[in-house]
Amino acid sequence: MGQLAGKKAVILGAASKDNMGQTIARLFASEGAEVMVAGRNEGPLSELAEEIGGHVGLCDITDHGQVHVLANSAKDKMGRVDAAINASGWGLLANLLETTEEQLDQICALQFKGVHHFLQAFVGVMKDQDPQGGSLISLSSATTKALINNHAAYIGTKTAGEAMIRCVANDFGQFGIKANTVSPAFTESPMTSESFQVPGLVDAFLPKYPLGRLNTSDDVANACLWLCSDAAFVTGQNIQPNGGLTLRGNPQAVDIEASVGAAMAAAAEG
């Protein structure tokens with residue numbers, strides 16, 4: 001019997017092929033959960049739902065109404081919601097002095113207001129269902145603890161999301177609701193695939209991981225699985241499935257530039 005046998009889960013942010021949300025959805029389904037995958041792009045969601053025998057929910061997390069419709073639809077379709085995970089995000093790489101107001105509005109809508117919409121909608125469902133309770137997770141980033149250059153708007157909004165998770169854990173634990181953050185680091189995914197092709201970039205990060213490798217989407221999915229299982233008596237925490245990166249900190253821009261420069265020079269000589 002799987003760790004989530006009989007549980008009902010919603011994974012929001014699973015609308016890009018093989019992204020972190022899809023990895024989490026596949027693992028949850030394999031562990032016995034009935035899963036609704038949600039996001040903005042119907043094609044990848046429908047393919048995944050068919051693969052795992054789940055459901056599709058079209059939803060833009062920046063739209064208050066759509067998120068509440070998603071939560072209520074999930075409860076109506078599956079009977080209840082035992083786990084809801086927000087895997088959406090935008091890795092905006094922008095110098096503070098060059099960040100535009102349009103970029104700031106977009107990232108606040110996604111990573112601040114969107115997280116609030118998500119928590120509000122699913123706390124409402126979990127609080128009112130019988131029996132009450134469930135597990136809420138919002139994916140954040142190791143960069144809120146291990147700073148990296150040119151990510152002020154990203155880090156600021158992710159940090160705000162972490163604060164809201166703690167507030168939910170404090171305010172709604174009485175209803176059996178767990179709320180936690182899971183924080184990956186530099187992870188190979190469709191969103192970062194181009195970065196992984198830059199010579200020397202990964203080499204700049206590897207020495208920062210005490211366990212000797214970068215974290216994977218599977219590492220993140222397994223952390224979410226544990227938090228959503230009955231085995232995890234945990235709430236209000238920021239789980240870091242990133243091999244100890246926060247002990248040493250991310251490389252800074254000068255370190256990355258030096259590593260990439262050395263790799264490119266070596267390639268040119270070869």
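In short, a report on the structure. (Residues numbered from 1 in each chain as written. Predicted model: local features only at pLDDT ≥ 70, side-chain atom pairs only at ≥ 80, totals over all residues. Heavy atoms only, no water.)

Quick word on the sheet that holds strand β2 (residues 34-39)
Pairing within the open sheet is parallel, and its 7 strands lie in the order β3-β2-β1-β4-β5-β6-β7. Where the open sheet ends on each side, the last strands, each with one partner, are β3 (55-58) and β7 (238-239). In the sheet, strand β4 (residues 83-86) pairs with strand β5 (residues 134-139) via 4 bridges, with the strands oriented parallel. Looking at β5, one finds that A84 is bridged to L136. Running over the sheet, helix α1 (residues 20-30) touches β1 (8-12), β2, β4 and β5 and is turned about 170° from β1. (Pairing = 2+ DSSP bridges. Helix = DSSP H or I, 4+ residues; strand = E, 2+ residues; numbered from the N terminus. Contact = heavy atoms within 4.5 Å. Axes fitted to C-alpha atoms, helices over the stretch in contact; angles between N-to-C directions.)

Topic: the state of the cysteines
A full pass over the atoms with the stated rule returns 0 disulfides. We note that C167 lacks a disulfide partner, and the nearest cysteine sulfur, in C108, lies 17 Å from it. Note on C228: no disulfide assigned, nearest cysteine sulfur contributed by C224 at a separation of 6.4 Å. (Disulfide = S-S within 2.5 Å.)

Overview of the pairing of β4
Residues in a regular strand point their side chains to alternate faces of the sheet. Of the two faces of β4, the one carrying A83 and I85 and the one carrying A84 and N86 are both buried. Note on the crossover from β4 through helix α4 (residues 101-128) to β5: the handedness is right-handed. (Buried < 20%, exposed > 50% of the residue type's maximum accessible area, 1.4 Å probe, protein only. Right-handed = clockwise from strand over helix to strand, strands pointing away.)

Quick notes on the pattern of salt bridges
Side-chain pairing between opposite charges can occur once the charged atoms of the two side chains come close. Scanning all chains against the criterion turns up 7 salt bridges. Two residues, D82 and R80, come together in a salt bridge whose shortest N-O distance is 2.7 Å. As far as burial versus exposure is concerned, D82 and R80 are alike and both buried. Beyond isolated ion pairs, a larger network of salt bridges with shared partners links D18, R26 and E51. (Salt bridge = Lys/Arg side-chain N within 4 Å of Asp/Glu carboxyl O.)

Observations concerning the side chain of N86
Among the secondary structure elements, N86 is positioned in strand β4. Separated by 2.6 Å, the side chains of N86 and S88 make a polar contact. Apart from the residues within four sequence positions on either side, N86 is in contact with L12, I61, V115, F118, I137, S138 and L139. (Polar contact = N/O pair within 3.5 Å; in protein donor to acceptor, adjacent residues only side chain to side chain.)

Thoughts on unusual backbone geometry
Note the cis peptide between D130 and P131, where omega equals -5°. Mapped onto the elements of the fold, P131 is located in the loop between α4 and β5. For D18, which is not glycine, the phi torsion reads 65° and is therefore positive. Looking at the secondary structure, you find D18 in the loop between β1 and α1. Accessibility expressed as a relative area gives 39% for D18, which makes it partly exposed.

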